[in-house]
Amino acid sequence: MNRPDSCLPWAASALFGALVGCAAWSLTVWARAYCDAGYDAGGRFELNFLLPVVLGAEALAGLSSRAIGRCLARGTPEVVRVWLPTMVVVVVTVGSAWWFFASRGTLEGYPGDSGSCPASNVPPQWPGWIPV
């Protein structure tokens, strides 16, 4: 069990956020490349520019949501003090990564040249139960 003053949960939250950001960025690049929508030279420049921004923002989201979760868990049983901050980190980082993919990865109405995607530019392999 971690000591209350341990920095391990904070480092893990930041690392988890950065990894989720990397996954969201990779999905965005894959969707744009597959549909060939926004994957011209300017689009690739934008995606490369956004990589460190997304990683940093997701790491910061992980840290800030850990702090919020700890504040919410004050005075609660130990199980809640351990799991609530972790669940807040997961929900916030995954939610913001989903928003990034939905807003930057699937450029609805952008003319895609591959012919493999509908007008929404959502690749057909994307699971229908996950909205974008």
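For the structure, see preceding data.
Quick caveat, the model's predicted, so the values are computed rather than measured.

1. Observations concerning the state of the cysteines
Scanning the entire structure with this criterion turns up one disulfide. Cys-35 shares a disulfide with Cys-117; S-S distance 1.9 Å. Across the S-S bond linking Cys-35 and Cys-117, the dihedral sits near -80°, which makes this disulfide left-handed. Taken together, the residues Cys-35 in helix α1 (residues 8–35) and Cys-117 in the segment after α3 (78–105) connect sequence positions 82 residues apart. Summarising the burial analysis for this pair, Cys-35 and Cys-117 share the class buried. Note on Cys-7: no disulfide assigned, nearest cysteine sulfur contributed by Cys-71 at a separation of 18 Å. Given a relative accessible area of 45%, Cys-71 falls into the partly exposed group.

2. With respect to the pattern of salt bridges
Applying the stated criterion to the full structure yields two salt bridges. For the salt bridge of Arg-32 with Glu-46, the shortest nitrogen-to-oxygen distance reads 3.1 Å. Taken together, the residues Arg-32 in helix α1 and Glu-46 in helix α2 (residues 41–72) connect sequence positions 14 residues apart. Here Arg-32 falls in the buried class, since its relative accessible area comes to 1%. Given a relative accessible area of 23%, Glu-46 falls into the partly exposed group.

What counts and how
Residues numbered from 1 in each chain as written. Predicted model: local features only at pLDDT ≥ 70, side-chain atom pairs only at ≥ 80, totals over all residues. Heavy atoms only, no water. Disulfide = S-S within 2.5 Å. Helix = DSSP H or I, 4+ residues; strand = E, 2+ residues; numbered from the N terminus. Buried < 20%, exposed > 50% of the residue type's maximum accessible area, 1.4 Å probe, protein only. Salt bridge = Lys/Arg side-chain N within 4 Å of Asp/Glu carboxyl O.

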